[in-house]
There are 2 protein chains.
Amino acid sequence: MFSKACEYGIKASIFIALNSYESKRVSLKAIAKEINSPEAFTAKILQDLVRNGIIKSVKGAYGGFEIDKYAISSIKLSQIVNAIDGDNIYKGCGLGLNTCDENHPCPVHDKFKSVRDELKHMLEHTNLEELALDIKSGVAFLKT
Amino acid sequence: MFSKACEYGIKASIFIALNSYESKRVSLKAIAKEINSPEAFTAKILQDLVRNGIIKSVKGAYGGFEIDKYAISSIKLSQIVNAIDGDNIYKGCGLGLNTCDENHPCPVHDKFKSVRDELKHMLEHTNLEELALDIKSGVAFLKT
DNA sequence: ATCTATTCGGATATTTTTGTCCTATTTGTT
DNA sequence: AACAAATAGGACAAAAATATCCGAATAGAT
């Protein structure tokens, strides 16, 4: 569904959010360990998220990654996915046609419509806070 | 959403079905042209579908690909997707966890559940015939 | 029998995604 | 000022997906 990069990006964002609630910055190393991802690759993805203004980074000693505590609940999953994978997942044609819309649909266009709309709606209405709270309360997990 | 291979596989199957209704075999060349796909790559995918018993091939002059006319309505999209991409799309975890289920869910498990279930349902309840008829009647298209 | 049109299948090439390595830069601490 | 702990970013490597090439096998037509 999502690229590996996107999976890592989402998980990393959740972990950063979790710590930002307690005003703790987290290092790349800690993130990679927590979400079970390759460190250097994760670094690239985090850079991407920083460039997109979704997370913030602080260089140097005692540096790391963080998210503005008061922004966490307004960051939508769709923003993260969009920053990393683009919008193809809920905009592109299911069969890869260049132009696929109501007027010139691919054979599965209508069938896919509801699935993609639901996905889009879910991504646009799920925020980082909800996800972080599920980790905090122990009902959801970031690895294994 | 799907791999390129899977997109080609679905489109090719539809085109073959369409012709099989008129008892016409179609060649690899004709298929690739019709669905706008690279010929040799498409050949590999068709071989895959043949091995999975979804389509049939006939070698030699006047050979080509076909689908048993009376099987077309019973071939589900899920069979094609499964043969090419496997079942990861509606079985695997949205965030790539090795184990992700009700007891040990990833943070987006519940949110994804309905999307994946709807996708699964759609794939398992959409058959080749419906799709082929939409092409035949001109309401849907295989390229551009 | 030979020719031709076709799929089959192995080897290879290209592109994209994923992953690694190393150096530069920044910033707090001593 | 020097050191240590971080992120930034460029170059490279490996793996996977996508794509190409070519000879072998098959089967109908002449």
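Residues numbered from 1 in each chain as written. Chains lettered and ligands numbered in written order. Predicted model: local features only at pLDDT ≥ 70, side-chain atom pairs only at ≥ 80, totals over all residues.

Chemist: Teacher, can you tell me more about the overall build of chain A here?
Modeler: Of the regular secondary structure elements, chain A holds seven helices and two strands. Written out in order from the N terminus, the α and β elements of chain A read α-α-α-β-β-α-α-α-α. When the 144 residues of chain A are sorted by exposure, 39% land in the buried category. (Helix = DSSP H or I, 4+ residues; strand = E, 2+ residues; numbered from the N terminus. Buried ≥ 20, exposed ≤ 12 C-beta atoms within 10 Å, placed from the backbone.)

Chemist: What should I look at first to understand the protein's contact with DNA strand D in this one?
Modeler: Taken together, 23 residues surround DNA strand D, and among them L28 and S57 of chain A together with P38, A40 and G60 of chain B come closest. Every element with two or more residues in the surface near DNA strand D is listed here: α3 (39–51) and β2 (64–66) of chain A together with α1 (4–20) and α3 (39–51) of chain B. For the surface near DNA strand D, the leading source of residues is α3 of chain A, giving four residues. (Near = placed C-beta within 6 Å.)

Chemist: I keep staring at the protein's contact with DNA strand C and nothing clicks. Help me out?
Modeler: For DNA strand C, the set of nearby residues contains 23 residues, the closest of which are K4, P38, A40 and G60 of chain A together with S57 of chain B. Of all the secondary structure elements, the ones that give two or more residues to the surface near DNA strand C are α1 (4–20) and α3 of chain A together with α3 and β2 (64–66) of chain B. Per-element accounting of the surface near DNA strand C gives the leading share, four residues, to α3 of chain B. For the surface near DNA strand C, a count of residues per class yields twelve nonpolar, eight polar and three charged. (Nonpolar A, V, L, I, M, F, W, Y, C, P; charged D, E, K, R; others polar.)

Chemist: Mind showing me how you'd approach the interface of chain B and chain A here?
Modeler: By a widespread convention, an interface's size corresponds to the accessible area lost as its parts come together. On the side of chain A, 34 residues touch chain B, which itself brings 34 residues to the contact. Broken down by secondary-structure element, the contributors of at least two residues to the side of chain B that touches chain A are α1, α6 (109–125) and α7 (128–136) of chain B. Top element by residues in the side of chain B that touches chain A is α6 of chain B. It accounts for seven residues. Partitioning the side of chain B that touches chain A into residue classes produces 18 nonpolar, nine polar and seven charged. (Contact = placed C-beta atoms within 7 Å.)

Chemist: What am I meant to see in the relation of the copies chain B and chain A here?
Modeler: Relating one copy of the chain to the other requires a rotation about an axis plus a shift along that axis. Each copy superposes on the other: chain B lies on chain A with an RMSD of 0.1 Å after a rotation of 180° and an axial shift of 0.0 Å. One copy is carried onto the other by what is essentially a two-fold rotation axis. A symmetric contact is evident, with 100% of the interface residues of chain B recurring at the interface of chain A. (Least-squares fit on C-alpha atoms with pLDDT ≥ 70 in both.)

Chemist: Looking at this structure, I do not really get the packing of helix α2 (residues 28–35) of chain A against α3 of chain A. What am I missing?
Modeler: The packing of two helices is summarised by the inter-axis angle and the distance between the axes. Residues and elements named next belong to chain A. Closest axis-to-axis distance for the α2/α3 pair is 9 Å, and the angle between their directions is 110°. Judged by the inter-axis angle, α2 sits roughly perpendicular to α3. For the crossing formed where α2 meets α3, the hand is right-handed. Here L28, K29, I31 and A32 of α2 lie close against α3, whose contacting residues are E39, T42, A43 and L46. (Axes fitted to C-alpha atoms, helices over the stretch in contact; angles between N-to-C directions. Parallel < 35°, antiparallel > 145°, perpendicular 65-115°, else oblique. Left-handed = near helix turned anticlockwise from the far one by under 90°.)

Chemist: Got a minute to help me understand the nonpolar core in this structure?
Modeler: Inside soluble globular proteins, nonpolar side chains tend to come together where they are buried. Counting residues in each nonpolar core, the largest one holds 83 residues, and the members touching the most others are I14 of chain A together with I14 of chain B. Contacts of I14 of chain A, omitting those with residues within four sequence positions, involve L128, L131, A132, I135 and L142 of chain A together with P107 of chain B. (Core = buried A, V, L, I, M, F, W, Y, C linked by C-beta atoms within 7 Å.)

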